[in-house]
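Chains, contacts and geometry: an overview
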Amino acid sequence: MFNLRKDILANRVILVTGAGDGIGKEAAVSFAEHGAQVILLGRTIKKLEKVYDQICQIGAQEPAIVQLDLETLDEATSEQLKETIQDNYGKLDVLLHNAAILGTRVPLENYDSKEWASVIQTNLTSVFVLTKALLPLLKKSVDGRIIFTNSSVGKTPRAYWGAYSVSKFALTGFAKILSEELENTAKVVVTSVNPGATRTSMRRSAYPGEDPRKIKNVKTLMPLYLYLAGPDSKHEHGKEFSGNQQTWDWANRIKGPR
Ligand code: NAP
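The following refers to the structure shown. Here the structure is a predicted model, which is why all the values come from computation and not from measurement.

1. A look at the overall build of the chain
Looking only at helices and strands, one finds 8 helices and 7 strands in the chain. A compact globule built from 258 residues should have a C-alpha radius of gyration of about 18 Å, and the chain, at 17 Å, falls within 12% of that. The C-alpha extent of the chain, read off along each of the three principal axes, is 55 × 45 × 40 Å. A buried classification covers 53% of the 258 residues belonging to the chain. Contacts in the chain between residues far apart in sequence, at least 24 positions, make up 73% of those at least 6 positions apart. Charged side chains in the chain number 33 positive and 28 negative. The centres of these two groups are separated by 6 Å.

In structure tokens form, the structure reads like this:
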């Protein structure tokens, strides 16, 4: 679809959460296709294995699979993951926080508290725990990146979107705090992406009556993700990006020879 520099992510080790489906899956394949060593983190092993096969089939570097449920992620498990990445690669260059769940859309007064806890743990607390554990490895990279995945309902409150909206609001704050803390201390660039309406399972469950053909394909987001994961985004620290805009602009920044 786009003619981008094939080696733009060469020698980069990239962990993608929620790599088994949707945007995370497409990003993982795209990162691998552009030279990265990808670590596929997700909860459904069959989906991760399919992504693994897809990456091997295009002749990219063999990815690693980490089956992990972010809903039950604790510090001990995150530390183990850090040790494994340290032993195998010695560093982490990019952490893409992508996994999330939607939860139900009901008024707050009817919101189930178990579901509330589940959404907040998956979309927010696991992001904190993972970031905390993996930051030392990201600081070992000469050009580290943390990419958060936000949403329009993390900017403008929307009735009935409950814990999902609250988790994304909190992520906006988390990314801002982290970017300020890392401003003068590390070479880790922190950015956030709001993908905007994108044709995935999550979008289908949020808007079941919508015609999916009118919603953009995940592939159109990839120039932006590649740009943010790659060497050209050094100066983007603390910024937020919309997946609905400027696809060709990102593609032009990292395009390869014809
Ligand atoms: P998706 O198709 O539902 O994919 C989400 C991925 O996250 C799946 O692979 C899922 O695993 C994984 N995941 C969920 N809970 C997990 C857990 N507890 N542990 C490990 N992995 C878990 O969603 P998407 O549309 O690609 O969304 C990706 C990101 O973009 C999310 O942060 C979402 O909030 C954001 N976003 C999406 C849109 C959109 O229109 N699609 C718009 C704005 C923001 P399973 O496959 O095993 O369930």
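What follows picks up the thread again.
2. A few points about the site of the ligand
The local shell around the ligand holds 32 residues, among which Thr44, Lys47, Asn98, Tyr164 and Thr200 are the closest. Tyr164 is positioned such that a nitrogen or oxygen atom in its side chain is 2.5 Å from an oxygen atom of the ligand. Within the side chain of Thr200, one N or O atom sits 2.5 Å away from an oxygen atom of the ligand. Relative to its unbound accessible area of 900 Å², the ligand is 92% covered by the protein chains. Listed by contribution, the elements that provide at least two residues to the shell around the ligand are helix H1 (22-33), helix H5 (162-182) and helix H6 (201-206). Looking at the shell around the ligand, the element that brings in the most residues is H6, giving 3 residues.

3. Things to note about the sheet that holds strand S3 (residues 64-67)
With parallel pairing, 7 strands are arranged side by side in an open sheet as S3-S2-S1-S4-S5-S6-S7. At either margin of the open sheet sits one strand with a lone partner, and together these are S3 and strand S7 (240-242). Going from strand to strand, the sheet's axes swing by 20° on average, the running direction of each strand aside. The sheet contact formed by strand S2 (residues 37-42) and S3 spans 4 bridges and is parallel. Note on S3: the bridge partner recorded for Leu41 is Val66. Strand contacts of helix H3 (residues 75-89): strand S1 (13-17), S2 and S3, with the helix running at about 160° to S2, the strand carrying the most contacts.

4. Let's talk about the environment of Leu9
Mapping Leu9 onto the fold places it in the segment before S1. In this structure Leu9 comes out as buried when scored by relative accessible area, which is 0%. Considering only alpha carbons, one finds Leu9 and Ile45, 36 residues apart in sequence, at a separation of 25 Å. Excluding residues that lie within four positions of it along the chain, Leu9 makes contacts with Ile14, Phe31, His34, Gly35, Ala36, Leu226, Ala229 and Gly230.

5. Regarding helix H4 (residues 113-139)
Given 3.6 residues to a turn, an α-helix orients residues that are three or four positions apart in the same direction. Taking 1.5 Å per residue as the helical rise, H4 with its 27 residues ought to reach 39 Å, and the 37 Å between its terminal C-alpha atoms agrees with that figure. Gln121 marks where H4 bends most, by close to 45°. Capping the start of H4 is the job of one residue whose side-chain oxygen sits 3.2 Å from the backbone nitrogen of Lys114: Asp112.

6. Considering the nonpolar core
Judged by nonpolar contacts, the single largest core of 36 residues is most densely connected at Leu15, Leu92 and Phe148. Breaking this core down by element, the ones donating at least two residues are S1, S2, S3, H3, H4, strand S5 (144-149), H5 and strand S6 (188-194). Here this core gets 10 residues from one element, more than from any other, and that element is H4. Those residues in contact with Leu92, other than ones at most four positions away along the chain, are Val13, Ile14, Leu15, Ile39, Ile85, Leu134, Leu137, Leu138 and Ser141. Ala60, Tyr227, Leu228 and Trp250 belong to the second largest nonpolar core, which has 34 residues in total.

Criteria and thresholds
- Residues numbered from 1 in each chain as written.
- Predicted model: local features only at pLDDT ≥ 70, side-chain atom pairs only at ≥ 80, totals over all residues.
- Heavy atoms only, no water.
- Helix = DSSP H or I, 4+ residues; strand = E, 2+ residues; numbered from the N terminus.
- Rg over C-alpha atoms; globule rule 2.2 N^0.38 Å.
- Buried < 20%, exposed > 50% of the residue type's maximum accessible area, 1.4 Å probe, protein only.
- Contact = heavy atoms within 4.5 Å.
- Lys, Arg positive; Asp, Glu negative; His and termini not counted.
- Charge placed at Lys NZ, Arg CZ, Asp CG, Glu CD.
- Near = heavy atom within 4 Å.
- Polar contact = N/O pair within 3.5 Å; in protein donor to acceptor, adjacent residues only side chain to side chain.
- Areas by Shrake-Rupley, 256 points an atom, 1.4 Å probe, with all protein chains shown as cover.
- Pairing = 2+ DSSP bridges.
- Axes fitted to C-alpha atoms, helices over the stretch in contact; angles between N-to-C directions.
- Expected span 1.5 Å × (residues − 1).
- Bend = angle between axes of the 7 residues up to and from the residue.
- Core = buried A, V, L, I, M, F, W, Y, C linked by side-chain atoms within 4.5 Å.

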